[in-house]
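# Survey of secondary and tertiary structure
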Amino acid sequence: MAVAAKMIGVTRVHANVIWSRPGSKRYSELIECLEKIIDAREKLVKREESSKQSRRFLDV
């Protein structure tokens, strides 16, 4: 939440207030940022798994 708050230019506390009020424009911005963070995390996890598999292949 702190990263998403920084992405939309508010404090973490303000982001929590926005989170408690669904339907607002800022809420939508916060959701978009959280989705971007989740997508980036999933890509990172896939890349790490691929790297581990490559290393296992090379170790064999």
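Each chain has its residues counted from 1, running along the sequence as written. For a predicted model such as this one, the threshold for reporting local features is a pLDDT of at least 70, and the threshold for listing and counting side-chain atom pairs is 80 or more; totals across whole chains, interfaces and linings nevertheless cover every residue. The side-chain figures draw on all heavy atoms in the structure; neither hydrogens nor water molecules are used.

Another point: the overall build of the protein chain. Along the backbone of the protein chain there are 3 helices and 0 strands. Per the convention used, a helix needs a DSSP run of H or I reaching at least four residues, while a strand needs a run of E reaching at least two, with both numbered from the N terminus. Reading the protein chain from its N terminus to its C terminus gives the helix and strand order α-α-α. In terms of overall dimensions, the protein chain is more spread out than a globule: its C-alpha atoms have a radius of gyration of 17 Å, far above the 10 Å expected for 60 residues. Along the first, second and third principal axes, the C-alpha atoms of the protein chain reach 55 × 20 × 15 Å. Evaluated residue by residue, the protein chain yields a buried proportion of 17% over its 60 residues. It is over C-alpha atoms that the radius of gyration is taken, and the globule rule equals 2.2 Å times the number of residues to the power 0.38. Exposure is judged per residue with a 1.4 Å probe applied to protein chains only, and the accessible area is read against the type maximum: over 50% gives exposed, under 20% gives buried, and values in between give partly exposed.

This part covers the nonpolar core. Considering soluble globular proteins, one finds that nonpolar side chains tend to be buried as a cluster. Throughout, nonpolar core names a set of buried Ala, Val, Leu, Ile, Met, Phe, Trp, Tyr and Cys residues whose side chains join them through atoms within 4.5 Å. Counting 10 residues, the largest nonpolar core is built from Ala4, Ala5, Ile8, Val10, Ala15, Ile18, Tyr27, Leu30, Cys33 and Leu34. Of all elements in the fold, only α1 (2-8), α2 (12-19) and α3 (25-59) reach the threshold of two or more residues within this core. Sorting elements by how many residues they give to this core places α3 first, with 4 residues.

Note on definitions: salt bridges are taken to be side-chain nitrogens of Lys or Arg within 4 Å of carboxyl oxygens of Asp or Glu. Applying the stated criterion to the full structure yields 2 salt bridges. Of the charged contacts in the structure, one is a salt bridge between Lys25 and Glu29, with a shortest N-O distance of 4.0 Å. Of this pair, Lys25 and Glu29 both sit in helix α3, 4 residues apart, roughly one helical turn. The exposure class of Glu29 is partly exposed, given its relative accessible area of 22%. The residue Glu29 makes a salt bridge to Arg26 at a minimum N-O spacing of 3.0 Å. Of this pair, Glu29 and Arg26 both sit in helix α3, 3 residues apart, which is roughly one turn of the helix. Assessed through its relative accessible area of 31%, Arg26 is described here as partly exposed. One salt-bridge network, held together by shared partners, links Lys25, Arg26 and Glu29.

That is the geometry; function is a separate question.
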